[in-house]
Amino acid sequence: MSESYRNADLTRLIEALVVTPKAGQAVARALIEKGEDRATRQLVAEMRARRAETARQREMDRADAGRMQGAESDAAPSRSPWAQSQ
């Protein structure tokens, strides 16, 4: 069977389901539920991505702070034994 015949059969089947009131309502409910499920999964994925980005940013901030503290201690003037008064 060719693709166009299958598509035509599928189209007729969907039209028949949607035309009848009870089946049409069931199809509509199923589509709405699928859409809500998809929206919920998308929201959860976005929240996880934001949480991961926040954690990554905090880790980068900590690393930067650690490097800056190390640079500050290196930049502090050190007293050499020759500079000390006797």
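Scroll up to find the structure.
The structure presented is a predicted model; accordingly, all values stated were derived computationally and were not measured.

Looking only at helices and strands, one finds two helices and zero strands in the protein chain. The buried share among the 86 residues of the protein chain stands at 2%. Counting only carbon and sulfur atoms, one obtains 58% of the accessible surface of the protein chain, whose full area is about 8,100 Å².

By the element assignment, Ile14 lies in helix 1 (residues 3-19). Residue classification places Ile14 among the partly exposed residues on the basis of a relative accessible area of 44%. As for Ile14 and Gly24, which are separated by ten residues in sequence, their C-alpha atoms are 9.2 Å apart.

This brings us to the pattern of salt bridges. By the definition in use, this model includes four salt bridges. Note that Asp9 and Arg12 form a salt bridge whose closest N and O atoms lie 3.3 Å from each other. Here Asp9 and its partner Arg12 are both found in helix 1, three residues apart, which amounts to about one turn of the helix. Using a relative accessible area of 35% as the deciding quantity, one classes Asp9 as partly exposed.

Our next topic: the environment of Gly24. If you trace the backbone, Gly24 turns up in helix 2 (residues 21-75). When near neighbours in sequence (up to four residues on either side) are disregarded, Gly24 contacts Leu17 and Val18.

What counts, and where the lines are drawn
- Residues numbered from 1 in each chain as written.
- Predicted model: local features only at pLDDT ≥ 70, side-chain atom pairs only at ≥ 80, totals over all residues.
- Heavy atoms only, no water.
- Helix = DSSP H or I, 4+ residues; strand = E, 2+ residues; numbered from the N terminus.
- Buried < 20%, exposed > 50% of the residue type's maximum accessible area, 1.4 Å probe, protein only.
- Areas by Shrake-Rupley, 256 points an atom, 1.4 Å probe, with all protein chains shown as cover.
- Salt bridge = Lys/Arg side-chain N within 4 Å of Asp/Glu carboxyl O.
- Contact = heavy atoms within 4.5 Å.

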